[in-house]
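What the coordinates show
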Amino acid sequence: MERKHWDIFCAVVDNYGDIGVAWRLARRLAHDFGLEVRLWVDDLASFARIAPELDPALPAQRLADIDIRHWPADGPPDDTVPADVVIEAFGCRLPERFEQAMAAKAVKPVWINLEYLSAEDWTRGCHRQPSPHPRLPLTKHFFFPGFGADTGGLICEQGLLDVRRQWQDDALARCAYWQLLELPEPAANEWRVSLFAYENPAVTSLLAAWALGERPVTCLLPEGKALPDAARVFGHPLRAGMLARQGQLTVKVLPMTDQDSYDLLLWSCDLNLVRGEDSFVRAQWAGRPFLWHIYPQDDDAHLAKLDAFLSQYGAALPVGAAQALTAASHAWNHGADMAAAWTELAAWLPAWREHAAIWPEKLLADGDLGDRLLHFVREIG
Ligand code: TRH
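Parameters at a glance
Residues numbered from 1 in each chain as written. Predicted model: local features only at pLDDT ≥ 70, side-chain atom pairs only at ≥ 80, totals over all residues. Heavy atoms only, no water. Salt bridge = Lys/Arg side-chain N within 4 Å of Asp/Glu carboxyl O. Helix = DSSP H or I, 4+ residues; strand = E, 2+ residues; numbered from the N terminus. Buried < 20%, exposed > 50% of the residue type's maximum accessible area, 1.4 Å probe, protein only. Pairing = 2+ DSSP bridges. Axes fitted to C-alpha atoms, helices over the stretch in contact; angles between N-to-C directions. Right-handed = clockwise from strand over helix to strand, strands pointing away.

**A few points about the pattern of salt bridges**
Enumeration according to the criterion identifies 25 salt bridges in this entry. Residue Glu 36 is joined to Arg 62 by a salt bridge in which the shortest nitrogen-to-oxygen separation is 3.7 Å. Linking Glu 36 in strand S2 (residues 36-41) with Arg 62 in strand S3 (residues 60-63), this pair joins segments that are 26 residues apart in sequence. Owing to a relative accessible area of 34%, Glu 36 belongs among the partly exposed residues under this scheme. For Arg 62, a relative accessible area of 49% corresponds to the partly exposed category.

Here it is, written out as C-alpha cells:
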C-alpha cells in the first residue's frame, strides 16, 4: 500500500530543537519524496523564530507545501482523520481521541515514535522495536536517529552536500554573503567562527583566549542564551546587530534567521560551535570542524551521550587530535577554562578540517533518516 499522507506531531519542550527537527523532517518528506505532510505543533510562536514566514496566529496554514496545524491543548478537531503514517516526535503523547481515531481506521496507520539522537550503543538495540498499545489494536515503533548503518540515520536533504560544496567553492557568493552581514572578507590568517550555545561560562574564557591570541578571530553570534557570557569579555551588554571588538577578537551579533540561512552561516565558517540536536547535525553537513554544547540533562546523562559521539567521531582522527578534541569538548561542556584546551586543539586544525570534510559522506553511505524511515514504513506496512 502507498502511504502518501503523513502526520507529524511536535510538542515544543523548550528552545528550538524539537520544532527544528520536526520541520526538517517535514520538508525532507514533502520535498524529496513527494509526500503529503501535515505538521501539528503546539507552540507556533517558537516555530516562527526559525520559520519567519509562518503566522503564529493561524490554526491552519500552508508553508513550503506543508500543511501546518496548531495542535491545541485539547487535541486536533474531532473530525480529523489520521494520516497513513503518524509520527510522534520525541515521545510527545498523542491525544487519546486521536489514538482512538487511528485504531478505528480499516488500514491502521504506521505509528512511529521518532526518538532523540544519540550515539550510545543501547539505542541500536531499541531502534525499530515495536510497542503494542495496552488497549487498542495499534503498535508503535521506536525509531532512533544515529550514526551507523543499524540506526535511523540523520536527516539530510537530497543533494545538500553538493549545494554546500558549490557554496564553499564560490568565492563571489561568499563575498556577497559577508557584505550582507556587513563584514569584510576574512584576512588570510583569520578564523571565522559561529557560536550557538546555552548559558556557559566557557564562552567567556574561549572568547577571552581569542582576544589575546595570535590570529584575528571573527565570531558570528546569533542572539540568544550565550549573549551574557560573551558580553562579559566586552564589559557591556550585546544585542542583535552590534559589533564589538577586543584585541584580536571581533564579535558580530546576528538576529535569528530561518534554517536555510543558518546553514549558510555554518557553511561559511572555519569552526562552528553548535548545541542541542539539529544545529549539531547541520554542523556535520557543513563539513567543517565543530564543537558541541550538548543539551544538559538530569543526572548528567548527556555526558555519556557526548562521549559516545566523540569516540565515534574521533576514531578516524590522529590519536593526539582525538584526545585534544575530547579535552576541549569536556571543558566546553563543563563550563571550564578553555584557554589551554583550545591552544592544544587549534594545533590539530588541519587534520580536524580534513576529517570534517569526509565525515558526512561516511554518515550518508547507507542513506539518510528520510530514506531509512521510508524503507521501514514500506517494510512494516
Ligand atoms: O534550540 P536547541 O537547544 O534545541 C533543543 C531543545 O532544547 C530540545 O528540547 C532538546 O531536546 C534538544 O535541543 C536536544 O538546539 P538545536 O537542536 O540545535 O535547535 C536549534 C534550531 O534552531 C535548529 O533547527 C537551527 C535553528 N536555527 C535557526 O533556524 N536560525 C538561527 O539563527 C539559529 C541560531 C538556529
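**A few points about the sheet that holds strand S13 (residues 271-275)**
Taking strand neighbours across the sheet as the criterion, the six strands line up as S11-S12-S10-S9-S13-S14 in an open arrangement whose pairing is mixed. Each edge of the open sheet carries a strand with a single partner, namely strand S11 (243-246) and strand S14 (290-293). With direction set aside, neighbouring strand axes in the sheet form an average angle of 15 degrees. Taken together, the four bridges between strand S9 (residues 191-195) and strand S10 (residues 217-222) define a ladder with parallel strand orientation. By the bridge assignment, Ser 194 is partnered in S10 with Leu 220.

**Let's talk about the pairing of S9**
For S9, the buried fraction is high: five of the five residues fall into the buried class. The alternating pattern of S9 places Trp 191, Val 193 and Leu 195 on one face and Arg 192 and Ser 194 on the opposite face, and all of these are buried. Taken together, S9, helix H7 (residues 201-212) and S10 constitute a β-α-β crossover, and its handedness is right-handed. Bridging between S9 and S13 involves three bridges; their strand directions are parallel. The residue bridging Val 193 from the neighbouring strand is Leu 271, located in S13.

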